Amino acid sequence: MKKAFLVLALASKTICTIAQDTTATTEKVPFDGIDQTWQNGNDRRENPAFQNMKFFTPSIMMDINYTHSFNKPNDNTVVGSTALARNNEVQLSALHFGGDFYYKGARARVMTQFGTRSIVVPRNDYSPYRGQYQLANVYRYLSEAYAGYHINKWYGINIDAGMFMSYIGLNSYYQPENWEYQASFTSDNTPWFFNGLRIQIYPTKNIKIEPWIINGWQSYGKFNKMPGFGFNFTYMSDNSNLKVLTNDYYGTDAAGIPERKRFHSDNSLLVRYYNRPKSKGISRMAFSLTGDVGFEKGGGVNGFKDSDKNGPAQYFLSGMFYNRVWFNQNKFAWTVGGGVMTNPGRYLVLYPTGQASPLPNPLDPTKTEGAFPFSASPGDKFKGWDMSTNFDYMPNQSITFRFELVNRHSDVPYFAGEGGVTSQTGYSTTPLDPNWRPDLVKSETRFILAALFRL
């Protein structure tokens, strides 16, 4: 029997897509028979609407949200999130459409990106300031775009080049695949995409090994001369109840400071500890645990220790834990969890926007984007912690309705307070009062309503 080869970008922050190629004769399909629909950061559909397509499998996703911050910022701006952008408004956060192409081993995937995420995610990438051609504008409407070739060896080898989803941080870039909407600090402060080359190797049914050579850490271009290097290792058990993975990265990602090196290790464990899919009571239960450790060293910073000679400590430590319970044959689910992060030097902290933004002004890169920038210098401390709970209603495999309550804290003023980050009136057209400053506070509580569609 002729079988499909599996186009797998299996791990966190990615999508698992089954691509049919009628020329493939191998029956060795990676992760064949392993149920992945329960996993955080993965496609929950059991029977995709588009199957057995000869050359192309389409994909459509939409993410529409409404969120309310109890801080009530006057400009409706959300600070410190890649999932949310505006308070008290119904927003199209993301519209993705595209799909997978395949022909005699040749393969490609294209997914577009529209909505607020096409602005929120690219804004933290410094690489477009090096050189010309406005890379952030060129790429912002694409979430994935790569081409490659499938080799029938072992359980498959895929060689791809282009823009693909990052695996660091467990959560998927696509919200319909996640257990929670507002990601914990661990996921929200690590990459959502890579631009470069990857090789997916499946030596056995249960294992994926994937090396990368990429431009850098969530970067369209390169910050310096050296590219970034990394790899993913993923294992899933035959009984579908266990998934473990590690993602490790090394590169030079401080703009204009080539002597500064970055290392990061991201590690996750997912366990399904109860499974009764036909039960009208509790139908399954699972948890996910993620821990990250990383540092930067050189160019005035010194990794995990302060040094009079080499500079202050600059590192990243974080963890997050979520537990999810499904009910009534997986039509309902309840998730609770949270996480902690410490990031001296703030090199991975999502920067505030508006007049609090420390990013370069695109019209004058010698100045900051904001008139009163959030400090992100070596030695600056940052600790954050968060907790959330949500309830999902999933009447079928293509739609999720989610209500989520989130509480987040930091040890320095960071989130948008009542005065917002734009101006004293909340409008960017208002001349700034000389006595006004961005209103950053140490905590926020919000609720989120979301409709998540996938076909």
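Before going into details, it helps to say that this report is about the structure given with it. (Residues numbered from 1 in each chain as written. Predicted model: local features only at pLDDT ≥ 70, side-chain atom pairs only at ≥ 80, totals over all residues. Heavy atoms only, no water.)

Re the overall build of the chain
Line of reasoning, step 1. Across its full length, the chain holds 3 helices and 22 strands.
Line of reasoning, step 2. Seen through its principal axes, the chain has C-alpha atoms that stretch 75 × 50 × 40 Å.
Line of reasoning, step 3. By the burial criterion, 55% of the 455 residues in the chain qualify as buried.
Line of reasoning, step 4. Nonlocal contacts in the chain, meaning residues at least 24 apart in sequence, comprise 67% of its contacts between residues at least 6 apart.
Line of reasoning, step 5. Roughly 18,200 Å² of accessible area belongs to the chain as shown, and the carbon and sulfur atoms make up 61% of that amount. (Helix = DSSP H or I, 4+ residues; strand = E, 2+ residues; numbered from the N terminus. Buried < 20%, exposed > 50% of the residue type's maximum accessible area, 1.4 Å probe, protein only. Contact = heavy atoms within 4.5 Å. Areas by Shrake-Rupley, 256 points an atom, 1.4 Å probe, with all protein chains shown as cover.)

Focus: the side chain of S184
Line of reasoning, step 1. Structurally, S184 is set in the loop between β7 (157–165) and α3 (185–188).
Line of reasoning, step 2. Apart from residues lying up to four places away in sequence, S184 is in contact with M320, Y322, G338, G339 and D386.

Digging into the nonpolar core
Line of reasoning, step 1. Core analysis: the largest hydrophobic core is formed by 28 residues, its most contacted members being F374, F382 and Y414.
Line of reasoning, step 2. At the level of secondary structure, the elements contributing two or more residues to this core comprise β9 (207–214) and β20 (415–416). (Core = buried A, V, L, I, M, F, W, Y, C linked by side-chain atoms within 4.5 Å.)

What about the packing of aromatic side chains?
Line of reasoning, step 1. Applying the stated criterion to the full structure yields 30 aromatic pairs.
Line of reasoning, step 2. For the ring pair F295 and F304, a centre distance of 5.4 Å and an interplane angle of 55° mean the geometry is tilted.
Line of reasoning, step 3. Take F295: its relative accessible area is 25%, and that puts it in the partly exposed class.
Line of reasoning, step 4. In this structure an aromatic cluster arises from ring pairing among F185, F374, F382, Y414 and F415.
Line of reasoning, step 5. Lying over the aromatic face of W192, R117 brings its terminal NZ or CZ to 5.2 Å of the ring centre.
Line of reasoning, step 6. In this structure, R198 packs its charged tip against the face of F164, placed 4.8 Å from the ring centre. (Phe/Tyr/Trp six-rings, centres within 6.5 Å; stacked < 30°, edge-to-face > 60°. Lys NZ or Arg CZ within 6 Å of the ring centre and 35° of its normal.)

Thoughts on unusual backbone geometry
Line of reasoning, step 1. One non-glycine residue, Y133, lies in positive phi territory at about 80°.
Line of reasoning, step 2. Summarising the element assignment, Y133 is placed in the loop between α1 (117–120) and α2 (135–139).
Line of reasoning, step 3. When its relative accessible area of 72% is taken as the criterion, Y133 is described as exposed.
Line of reasoning, step 4. Positive phi is not limited to glycine here, since Q329 has a value of about 55°.
Line of reasoning, step 5. Along the chain, Q329 falls in the loop between β14 (315–327) and β15 (332–342).

Keep in mind these values describe shape, not function.
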